[in-house]
Amino acid sequence: MNDRKRLAARFFETDSGRMPVREWLLELSDEERKAVGDDIRTAEFGWPIGMPLCRSLGSGLWEVRTNLPDGKISRVLFCAHAGEMILLHGFIKKTQKTPKSDLDLAKKRMKGLK
């Protein structure tokens, strides 16, 4: 891996200053947070990167796919904007298909980027 980020990650920030993905990460256990962080870091340095780590969801939306230590699966939805990886939404995946509500939330946040 080279020592330069190709697409530096930044948390999406709401108008009120909240960072939903950061807040979600802080709710995870240390081990889960490390696994998600390692995968985001791999995407930052290796971008563009494909499966099994990252997958396009269409319309400029991507997901970082993390298998957590306890058998759960997490997803961090992001977009590339102004040369950065904007982390829009994070969640624990409970079904095979990504829930529409999670996709809609990430798309809404992506449309609000300046």
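My aim in this report is to walk through the structure given alongside it, one point at a time. Fair warning: this is a prediction, and the values are worked out from it, not measured in the lab.

### Digging into the pairing of strand β2 (residues 54-58)
Then, number 1: Bridge count between β2 and strand β3 (residues 61-67): 4 bridges; the pairing is antiparallel. If you follow R55 over to β3, its bridge partner there is E63.
Then, number 2: Count of turn residues in the β2/β3 antiparallel hairpin: 2 residues, of which S59 carries a positive phi of about 55 degrees.

### Looking at helix α1 (residues 20-27)
Then, number 1: Regarding α1, the residues found buried are P20, V21, W24 and L25. Take α1 and look down its axis: the buried residues cluster within an arc of 135 degrees, on one side only.
Then, number 2: Elements that come into contact with the buried residues of α1 comprise β1 (8-11), α2 (30-46), β4 (73-81), β5 (84-93) and α3 (100-111).

Definitions and cut-offs
- Residues numbered from 1 in each chain as written.
- Predicted model: local features only at pLDDT ≥ 70, side-chain atom pairs only at ≥ 80, totals over all residues.
- Heavy atoms only, no water.
- Pairing = 2+ DSSP bridges.
- Helix = DSSP H or I, 4+ residues; strand = E, 2+ residues; numbered from the N terminus.
- Buried < 20%, exposed > 50% of the residue type's maximum accessible area, 1.4 Å probe, protein only.
- Arc of directions from axis to C-beta.
- Contact = heavy atoms within 4.5 Å.

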